[in-house]
Amino acid sequence: MGRVAVAAIVALCTIPISLVVNRIVPEPYMDEIFHVPQAQQYCQGNFRSWDPMITTPPGLYSLSLAYAASIFPVFFCVQAVSSFSELCSTPVLRFTNCVLAVICGILIYEIMILLKPSVSEAKATFHAVVLSLYPLNWFFTFLYYTDVASLTAVLAMYLLILKKKCLFSSLLGAFAVFIRQTNIIWVLFAACAGVIEFTESHVAHRPAQVDFHLSKVDNNSSSETKGVSLSNLRRRRSKHGIHDQDNFTSENITPMVSSSGLLDDLQSVIVVSWNHFLELSISFAPFLILLVAFIAFVLFNGGIVLGAKEAHEVSPHFPQLLYFGLVSALFIFPEHFSLSQVIALFHQFRKNKSLSFFQLFIMLMFGFISVRFFSIAHPYLLADNRHYTFYIWRRVINLNHIMKYLMVPLYVYSWFSIIFTLGRNRKKLWILAYCFACAASLVPAPLIEFRYYTIPFFLLALHSNIAHKSWLFIGILYLSINCFVLSMFLCRPFSWNHERGIQRFIW
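What counts, and where the lines are drawn
Residues numbered from 1 in each chain as written. Predicted model: local features only at pLDDT ≥ 70, side-chain atom pairs only at ≥ 80, totals over all residues. Heavy atoms only, no water. Helix = DSSP H or I, 4+ residues; strand = E, 2+ residues; numbered from the N terminus. Contact = heavy atoms within 4.5 Å. Expected span 1.5 Å × (residues − 1). Buried < 20%, exposed > 50% of the residue type's maximum accessible area, 1.4 Å probe, protein only. Arc of directions from axis to C-beta. Disulfide = S-S within 2.5 Å. Patch = residues over 30% accessible without salt bridge, like charges linked within 9 Å, V, L, I, M, F, W, Y side chains within 5 Å. Areas by Shrake-Rupley, 256 points an atom, 1.4 Å probe, with all protein chains shown as cover. Salt bridge = Lys/Arg side-chain N within 4 Å of Asp/Glu carboxyl O. pLDDT = per-residue confidence, 0-100. Core = buried A, V, L, I, M, F, W, Y, C linked by side-chain atoms within 4.5 Å. Phe/Tyr/Trp six-rings, centres within 6.5 Å; stacked < 30°, edge-to-face > 60°.

**Q** Explain the environment of alanine 149 to me, please; I cannot follow it from the model alone.
**A** Looking at the secondary structure, you find alanine 149 in helix H8 (residues 147–162). In sequence terms alanine 149 and glycine 59 are 90 residues apart; their C-alpha atoms lie 8.5 Å from each other. When residues no more than four places from it in sequence are discounted, the contact partners of alanine 149 are Leu60, Leu63, Asn97, Leu100 and Ile179.

See below:
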């Protein structure tokens, strides 16, 4: 019932607005001027045509072809269109993302009930709907961009790895890469999460085989976490009837509890992987094959992006990681900027003052060095006043010479809060893999684009234990931002003196 409710609510939130957007902005806008004609070429059967300005593979266009083929008989029977190519109009192509948004909402719900079995169906439904309204993803639902398709494919892949269906997960991972190349990072992250989950399930049920007491255990934290984990496990057993949890092909999931230290996690992974090498090799071989195929593609293509390579050169843009931390923390502000979170972080620092101050010093140095030597003002960022990042860069980050340095403590706090929040129910090795995946996907991008943060943000939100009351405030925040951004896009058009056409504000 929860899935149906999520699908219905998300559909009601997207379809009417999509009709309004298509009525006011019927022509392709911004990057749509590349994507829409390319998809229409495919609708005409011209699969050899390719616009050299397009940077991503044709995964989105193949989805649009499948969607258009499914609705063509209806449109043809009512004589709304006379040919298949005529059906592939801008509104129909955009509606592909509306369908994907509904599927994405269902995937969010499914992942939530897997990760948090103690949450009721009604609350999981509400949380999934709120997260579906995440402003960056919600706005691009109404335009023909690759963001919604990319997120949907990655979440579907991640859901299957949580259900321990490695082969199908890798196939969806391949399709995620076919939509956007940088998704290879999240494919590898999903594989790492799967290995960690495999390790945890075997350590949990065969503790005598692995001795991994390398670092000092925090008894209070360990006992509290184990209590929650065992409670969730009993609840899941009673609901799903788990009998053979040592079998990695099981569809059920064993909760990943926080361990005592990173060395503990790493040693347990090494030992269990060695003991179950053949089983792991068979399960995760498709991910390895996909990685090898991607490396071959990069070598053959001469880079990651397909077109416009000069504008998407890989650059060491370390501040991008700092921006992501702050933006993501702000989008779930009740979790990260509440008094209780500040107090919890303070108590965490007091547990081991020497280590905590050393970590703080390293993070601050990384932040100051990053903004001093690795800040990049991409020409698109400086020249295009249609994007909100144009104004954030000019009026906040680069307001004056010292402003970018004053922001560093806020960046550092955001990342400490994120890691602390994930550490409540994730293994330290999982958190390390997540941080590496964020760095690998964001640091090479020279352009500040908040929509690049969508996938890592969703993984963060899904793995954060956000209180139900906080979800209400987050929902209000998302609705407010969505109303503002959409009204600016639709009702505040403007013109450029040097270029014809109507311009609109966009993320």
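**Q** I tried to follow helix H12 (residues 262–275) on my own but got confused; where do I start?
**A** Along an α-helix, a turn takes 3.6 residues, which lines up residues three or four apart on a common side. Taking 1.5 Å of rise per residue, 14 residues should cover 20 Å, and H12 covers 20 Å from first to last C-alpha, within 8% of that figure. Those residues of H12 lying buried are Asp264, Asp265, Ser268, Val269, Val272 and Ser273. Across the axial projection of H12, the buried residues extend over an arc of 150 degrees, all falling on one side. H12 presents Leu263, Ile270 and Trp274 as exposed residues on the side facing more than 90 degrees away from its buried surface.

**Q** What am I meant to see in the state of the cysteines here?
**A** Cysteine pairs can be covalently joined through their sulfur atoms, and such a bond is termed a disulfide. Summed over all chains, the structure comprises one disulfide. Between the sulfur atoms of cysteine 43 and its disulfide mate cysteine 88 the distance is 1.9 Å. Note on the cysteine 43 and cysteine 88 pair: the S-S dihedral is about -85 degrees, so by sign convention the disulfide is left-handed. Of this pair, cysteine 43 sits in helix H2 (residues 32–43) while cysteine 88 is found in the loop between helix H4 (84–87) and helix H5 (90–115), placing the two residues 45 residues apart along the sequence. Of the two residues, cysteine 43 and cysteine 88, neither departs from the other in class, the shared state being buried.

**Q** In this structure, what is going on with a nonpolar patch on the surface? I would like to understand it.
**A** A grouping of Leu330, Phe333, Phe337, Leu410, Leu472, Phe473 and Ile476 is seen on the molecular surface, where their side chains present a nonpolar patch of about 610 Å² in accessible area. The element contributing the most residues to the nonpolar patch is helix H24 (residues 468–491), with three residues. Inspection of the secondary structure assignment puts leucine 472 in helix H24. Owing to a relative accessible area of 48%, leucine 472 belongs among the partly exposed residues under this scheme.

**Q** Is there a simple way to explain the pattern of salt bridges in this structure?
**A** Working definition: two side chains of opposite charge can pair if their charged atoms are close together. Taken as a whole and assessed by the stated rule, the structure comprises ten salt bridges. Where arginine 3 meets glutamate 110, a salt bridge forms, and the shortest distance between an N and an O atom there is 2.0 Å. Of this pair, arginine 3 sits in helix H1 (residues 2–24) while glutamate 110 sits in helix H5; the two residues are 107 residues apart in sequence, bridging distant segments of the chain. One salt bridge in this structure joins aspartate 147 and arginine 451, with 2.9 Å as the shortest N-O distance. With aspartate 147 in helix H8 and arginine 451 in the loop between helix H22 (428–442) and helix H23 (454–462), this residue pair connects regions lying 304 residues apart in the sequence. Aspartate 147 gets classed as buried once you look at its relative accessible area, which sits at 5%. Connected through shared salt-bridge partners, Asp31, Asp147, Arg180, Glu449 and Arg451 make up one network.

**Q** Could you clarify how one ought to interpret the confidence of the model for the protein chain in this entry?
**A** Close inspection of predicted coordinates is inappropriate in any region flagged by low pLDDT. Per-residue confidence for the protein chain averages 86 on the pLDDT scale, and 89% of its residues sit at or above 70. pLDDT under 50 marks residues 207–259. Its contacts with residues more than four places away, or in other chains, come to 95 contacts.

**Q** What should I look at first to understand H23 in this one?
**A** For H23, the tally of buried residues reaches nine of nine residues, placing the bulk of the element in the interior. Within H23, the full set of buried residues consists of Thr454, Ile455, Pro456, Phe457, Phe458, Leu459, Leu460, Ala461 and Leu462.

**Q** In this structure, what is going on with the nonpolar core? I would like to understand it.
**A** A general tendency of soluble globular proteins is for nonpolar side chains to be buried together. Judged by nonpolar contacts, the single largest core of 140 residues is most densely connected at Tyr158, Tyr434 and Phe457. Counting residues per element, this core draws most heavily on H5, which supplies 13 residues. Not counting residues within four places of it along the chain, the set of residues in contact with tyrosine 158 comprises Ile111, Phe189, Ala190, Ala193, Trp430, Leu459 and His463.

**Q** Quick question: what am I supposed to make of the environment of lysine 469 here?
**A** In this structure, lysine 469 sits in helix H24. Sequence-wise, lysine 469 and proline 334 are 135 residues apart; in three dimensions their C-alpha atoms are separated by 9.1 Å.

**Q** Quick question: what am I supposed to make of the packing of aromatic side chains here?
**A** Given two aromatic rings, their pairing is described by the distance between the two centres and the angle made by the two planes. Taken as a whole and judged by the stated rule, the model has 44 aromatic pairs. Summarising the aromatic geometry, the rings of tyrosine 134 and phenylalanine 458 are spaced 5.4 Å apart at their centres and angled 90 degrees between planes, so their arrangement reads as edge-to-face. On the criterion of sequence distance, the pair formed by tyrosine 134 in the loop between helix H6 (121–132) and helix H7 (135–139) and phenylalanine 458 in helix H23 is long-range, its members being 324 residues apart. Phenylalanine 458 matches tyrosine 134 in its accessibility class, with the two residues each being buried.

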